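Spelled out from the first residue to the last, the chains are:
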Amino acid sequence: MPIADYLGNVTPDKSIRDRRQAAQQPANPHPFPVVTTKARPGLLGAPTRGKLKGGPGIPLCIIGDDPLSKEWLDRNLTALQAMNAACLVVAVRDQTAFARLQARVGSIRLAPASFDALATASGITVWPVLVSPDGLVSQ
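Residues numbered from 1 in each chain as written. Predicted model: local features only at pLDDT ≥ 70, side-chain atom pairs only at ≥ 80, totals over all residues. Heavy atoms only, no water.

Scanning all chains against the criterion turns up 1 disulfide. A disulfide bridge connects C61 with C87, and the sulfur atoms are separated by 1.7 Å. Its S-S torsion of approximately 75° makes the covalent link between C61 and C87 right-handed. Taken together, the positions of C61 in strand β3 (residues 60-63) and C87 in strand β4 (residues 86-89) put the pair 26 residues apart, joining distant regions of the chain. Comparing C61 with C87 shows no difference in burial state: the two are buried. (Disulfide = S-S within 2.5 Å. Helix = DSSP H or I, 4+ residues; strand = E, 2+ residues; numbered from the N terminus. Buried < 20%, exposed > 50% of the residue type's maximum accessible area, 1.4 Å probe, protein only.)

Turning our attention to the confidence of the model for the chain. Residue-level pLDDT values for the chain average 85, and 78% of them are 70 or greater. Note that pLDDT drops below 50 for residues 1-6; the model gives that stretch 7 contacts with residues more than four away or on any other chain. (pLDDT = per-residue confidence, 0-100. Contact = heavy atoms within 4.5 Å.)

Take the sheet that holds β4 next. Reading across the sheet, the 6 strands line up as β2-β8-β7-β3-β4-β5 and stay open at both edges, with mixed pairing between neighbours. The outermost strands of the open sheet, each flanked by one partner alone, are β2 (48-49) and β5 (109-112). With respect to the sheet, helix α3 (residues 67-82) is in contact with β3 and β7 (129-131), its orientation differing from that of β3 by roughly 165°. The strands touched by helix α4 (residues 95-105) are β4 and β5; relative to β5, the strand with the most contacts, the crossing angle is about 160°. (Pairing = 2+ DSSP bridges. Axes fitted to C-alpha atoms, helices over the stretch in contact; angles between N-to-C directions.)

The next thing to look at is the packing of aromatic side chains. Scanning the model with the defined rule gives 1 aromatic pair in all. When the centroid spacing of 5.9 Å and the interplanar angle of 50° are considered together, the rings of F32 and F98 count as tilted. Within this pair, whereas F32 is found in the loop between α2 (16-24) and β1 (40-41), its partner F98 is found in helix α4, the two being separated by 66 residues in sequence. (Phe/Tyr/Trp six-rings, centres within 6.5 Å; stacked < 30°, edge-to-face > 60°.)

Take the pattern of salt bridges next. Scanning the model with the defined rule gives 5 salt bridges in all. Put simply, K70 and D65 hold a salt bridge, and the shortest N to O gap is 3.1 Å. With a relative accessible area of 26%, K70 lands in the partly exposed category. Given a relative accessible area of 15%, D65 falls into the buried group. The salt bridge involving D74 is made with R104; its shortest N-O contact spans 2.9 Å. Residue D74 is found in helix α3, and its partner R104 is found in helix α4; the two are separated by 30 residues along the sequence. (Salt bridge = Lys/Arg side-chain N within 4 Å of Asp/Glu carboxyl O.)

Right under this line is the structure:
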């Protein structure tokens, strides 16, 4: 699956077609719980390059609704906001927990999505991480 499929809900640039499709979708198109089985909360170690060529083109963080992700968000919130990062929430039990995460991060765009296909394709096996626009993965 192309990375663009994952970023459609979090990138600021959308085509008219994308907007029309979004308008036709139900108000809550995201199924909960969001579950990822190919990665887990953990420590990355040294920054690395994922297996995918290039990068997402925008700063992208990958988080869950777990204590490690929440601590990482609190520690990096100002930097994430300054770089206009978007975040995939790859593990969250329900809409209420997702809404609490959104309230925690303010203006940062969040999108719930399983990370399984992207984790396998990119070789990223832990979260929380930040993927730079050119593909550098760091914590």
